[in-house]
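# Summary of the model geometry
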Amino acid sequence: MGQAKSQFTKEELQDYEDLTYFTKKEVLLVHQKFKALAPEKVGHNRNAKLPMAKILLYPELSVNPFGERICKVFSSSQDGDCTFEDFLDMMSVFSEAAPKSVKAEHAFRIFDFDGDDMLGVSDLRQVIGKLTGENKLSETDMTVLVQNILDEADLDDDGALSFAEFEHVIDRSSDFLNSFRIRL
Amino acid sequence: MSRQFQRPSLKPETYNALASGLTHRSTGGLKSAFESRYHKEPVHCSEELSHGESHINVHVNQSQQNQTYDWKDEYNKSLSGPSNNYYEKQLMERIMSQPSSSTEFQIAKTPIEYEEILDKPLSEYSIHRLSQLSNKQGGSNLKRQFEARVGGTIRSNLGTNNGSDNVLENHANFIVSKMEQDEALMQNSPDADELRRTALRDMPQCLTVKRSVKDKLSLSVQQKSKRRSLGCWKLLKYRISIQFTKFKISIKDLAYSLELWYVPLKKIEGNFGTGVASFFKFFRWLFLLNVLTALISTCFIVIPKVIFSSNQEPSGNWSFTDLITGQGFLTNSSLYYGFFTNEIIGSILPYSMPHAYFFTMLFIYVVSFVIIGFSAARSYKRSFIETEGGLKNAFANKIFCGWDFNIATKDAAELKSKAIFSELKELIWDFAKTKRKKSCYERFLVVSVRIFANILILSLTACTGAALWYFLENVSVDGDMRVLLAPIFINSIMTLMPMLLSFVVKYEDYKDPKTALYMTLSRTFLLGTINIAVLVTYWLKNDNKSACWETLLGQEFYRMIIFDFIIAILCTALLQIILFFIFKYCTKTAFLEFDIAWNTMQIIYNQTLFWVGLVFSPLLPVVIVIKLFITWYIRYSVVLFLCKPSTKSWRAAQTSTWFLFMIFISLLCIGVLIGYIISYIQTSESCGPFNDYEHIYEIITIGVLQLRTNSTVWAVVLFVTKPGVIALIAIFLCAAIYYARAKANSQKEIVKQCRNMLTWSAKDKEYLNSLAFQVTKGQWQYQLQDKTFNPHLFDPSLTNHFDYRTGDLDRVDYENGSGMRFRASTSDFQDLNKDNSGY
């Protein structure tokens, strides 16, 4: 911990504490974890940009079917490579203290594969495909599933879920806060 | 069909694309109407065209001319410089600071309408002020919408320019310029500071941008604010609030570094997911509560007595069996009630033992009650009220909340995805299965099986109670075996019966596995309650048989807790190990599953025993803390080495609410029991701190208040506790509950109607679309996409008010057949729901 401490100035730490849902100690812990992903690189430059493959070494992200999407959403350059600040941001959103609205916003973007600001049929299919992994649902099952999701959540009947509609679903889910979380 | 209208959102990207003449096909036409307003002097056409559309044509020409028009720069310029087109600027800001689709906003047709829009105070849309009233209805909704739009969507186009610093910088400038509009946010006071902090923190932007925004904001705040001398009072207030914030943060820091069992919990979450972890969290929570209890009771009851008391503990010969039976040398130790006396100890500071005993116990029970009550209420609110039971969107929930992001191992991830797969299959199957009406015979069969099972279980429970009673009455009190047999008997029942119960429930054919779980839980709970009730009744009935019945009762519960540990924890752990090896030997791969429900009921039972025993045994919390500490490690290693993740997902949020409820009810029952004990049961004369009084409660009435039996206060107390008065209060409470329920139900009805309305309006939209399509032979939609549609193509009888933030027909005001005007959109609906969720 002592080593990591010397890497940040007091002001920087204060900034991080103000802008994330972490305390200073947690910020330092995040940095430790970040460093563990690529010790030599981060050792030289604490805010080094790590390629997505390195970020995906983080245990929770490595097994997560949406790992790549998460990296891309949080990467400030949008290509999945993350600096420490991006990583800290990611951990902050996934932390226990982050409110539902912030989590929902990011979840929406993670699920929005084509980036058109709507969860369309293709997005939903991709989400389901990633969730089930190796076990593939049959085409008819998939169609039924997507249709049902739209029936439930697509309130204005335009064949895709807007953010408001998505948030409406999330608001009514008691398990979202529990599941959309990564313990440090 | 409806997909033809892509809804554009307020991205600068959209504007950029428009301005630079790119063919951004997916953008709706009306966005450009807005665009043209911004770039050009508004053309307030009034005569021949329907209004908003006239600008579009203007704009198309415009945008072709200005191919390299940079929207953002222009906007920033217009913010800084004195603007000659005031309306545009205002409008622009208004739209940008507006939550996306929840506020009514229509195209202004004439200058008069401009004025109308501007009449609304700017702060009405201001997010930061809204954050103050975020708890009130609607406020949080607007806020979130704002956050989502301002930060969220703008960010997504950052990467298109390869994320050079310049882009980030520009982006930060843009946000700063927007935030500067808000006066509340820009004040130089701690409150505004805090507002800025939360606003920035909740903004879905990347951290680099946030930092830059923060620097710029604080700079601009310093520049803008005039140095006013602060009043003395205000200065003090600010100082205190700053100190308080610092204190809160440092407490958070401390709590983080002191977090108990952090690594084990993370390991469990990584390997088994949130369901199993929720049991361990519940366990930890109870453990901490008990530690608190132990600290209080030791500090205020045991330590003063042991240190200052005149009669020291008898140093009897120590034996191991005494530790298990709780007798022998322990009988006259500080573990039990009997050791404490009614003396006043301490020569300098008098410390009255009876008062200390009474008020410490009262404090412990009240604090536990309040903590558990609040936790249960909060948990209930979060998982049942705010989510309307959370059952509505079964499919969407499975998809969007299906993955457990905590999972960190490959095996667990594979199992999880298998579990999701099978659950989806099940859901689809349930859906596809035609709702076949069960025949009369089948229904009769199911109902009769259920009735039979219920009767069976109730009678079994009654039988165990009766058997226990018979056992206690008839086996002689003196025998050593009797002392051990009762706890063994009860605890064996409490360990074995739940297994039988979960076996029986399988044959009752409940459709929802959750119903089955709740049935098992409540039956187990009933069983435990009856057993404990019988035990306590026996002791209270025979209280006059012994010299110090309080100590004996304490001993009984001490033994119960010890044997609970031996049977339910040690023995089952052993059994699980044996089973594990048998399975491994026979089938190579088999693992056990961790039964969350059984384990939780077990610790709830344990906690109930503890609360009953606590009154007459001040050191019992220490015993419990030690027990729970060991139990944690046993359970933890059993889970980690012998179990595999469950193949079914566990609805952690709702079930943990149930567990909290059960523990709350058990504490409530115990409260009643203790109330009975202190007001009706005579204290023993030879021992204990209360032997001066006939009943324990008299320490208040006689000891503290010094009431005479015929005083007025006493008469009032007697009157208030009369059954008639209590019944009256109960009736009032019932009426209040009924009123609240009726209100909630009516609101549910409203929500339902609004939902229908929304669907109808969507259907109308479809219908009108198809109508327009037929009339124009597709021309209209083609041109809408091309942003050059001709307003003449619209049916003049329809009064269209497009919302150019959504660019969609979705918010058209319909004048439907009955003459009823309505307007609905997703977010209006959400607001209504918010309203409803308060009940």
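Please refer to the structure higher up on the page.
Structural notes, computed from the coordinates. (Residues numbered from 1 in each chain as written. Chains lettered and ligands numbered in written order. Predicted model: local features only at pLDDT ≥ 70, side-chain atom pairs only at ≥ 80, totals over all residues. Heavy atoms only, no water.)

### Focus: the pattern of salt bridges
- For the structure shown, the criterion picks out 14 salt bridges over all chains.
- Ionic pairing is found between Lys425 of chain B and Asp141 of chain A, a salt bridge with its closest N-O pair at 2.9 Å. Taken together, the residues Lys425 of chain B in helix H18 (residues 410-432) and Asp141 of chain A in helix H11 (residues 139-153) connect one chain to another.
- Taking the relative accessible area as the measure of exposure, Lys425 of chain B reaches 36% and is therefore partly exposed.
- A relative accessible area of 14% means that Asp141 of chain A is categorised as buried.
- Across the pair Arg183 of chain A and Glu269 of chain B runs a salt bridge whose closest N-O atoms are separated by 2.8 Å. Separated into two different chains, Arg183 of chain A in the segment after helix H13 (176-179) and Glu269 of chain B in helix H14 (residues 262-308) make up a pair that spans both.
- According to the relative accessible area criterion, Glu269 of chain B is buried, its value standing at 1%.
- Via salt bridges that share partners, Glu96, Arg181 and Arg183 of chain A together with Glu269 and Lys281 of chain B belong to a single interconnected network. (Salt bridge = Lys/Arg side-chain N within 4 Å of Asp/Glu carboxyl O. Helix = DSSP H or I, 4+ residues; strand = E, 2+ residues; numbered from the N terminus. Buried < 20%, exposed > 50% of the residue type's maximum accessible area, 1.4 Å probe, protein only.)

### A closer look at the layout of surface pockets
- Each pocket or cavity is described by its volume, and for the second largest pocket that value is around 1700 Å³.
- Along the wall of the second largest pocket there are 42 residues; nearest its centre are Glu96, Arg181 and Arg183 of chain A together with Lys281 and Arg284 of chain B.
- Looking at the lining of the second largest pocket, the elements with two or more residues in it are helix H8 (84-94) and H13 of chain A together with helix H13 (232-257), H14, helix H16 (353-385) and helix H25 (652-680) of chain B.
- Broken down by element, the lining of the second largest pocket gets its largest block of residues, 8 residues, from H14 of chain B. (1 Å grid on protein atoms, 1.4 Å probe; cavity = no way out; pocket = protein on both sides within 12 Å on 5 of 7 lines; lining within 4 Å. Points joined across faces, edges and corners; volume = space filled by probe spheres on them.)

### Quick notes on the interface of chain A and chain B
- Listed by partner, the interface residues are 87 residues for chain A and 90 residues for chain B.
- Interface area for chain A against chain B, summed over the two sides, is near 8300 Å², with a carbon-plus-sulfur share of 54%.
- Among the residues chain A hides against chain B, the three largest losses belong to Leu19, Arg172 and Arg183 of chain A. Together they make up 10% of the total.
- At the surface where chain A touches chain B, the tally comes to 6 salt bridges.
- For the pair chain A and chain B, the interface holds 13 residue pairs in polar contact (both at pLDDT 80 or more).
- Tallying contributions element by element places helix H12 (residues 163-171) of chain A first for the side of chain A that touches chain B, with 9 residues.
- When the residues that make up the side of chain A that touches chain B are grouped by side-chain class, the tally is 37 nonpolar, 20 polar and 30 charged. (Contact = heavy atoms within 4.5 Å. Buried area = accessible area lost by both parts, 1.4 Å probe. Polar contact = N/O pair within 3.5 Å; in protein donor to acceptor, adjacent residues only side chain to side chain. Nonpolar A, V, L, I, M, F, W, Y, C, P; charged D, E, K, R; others polar.)

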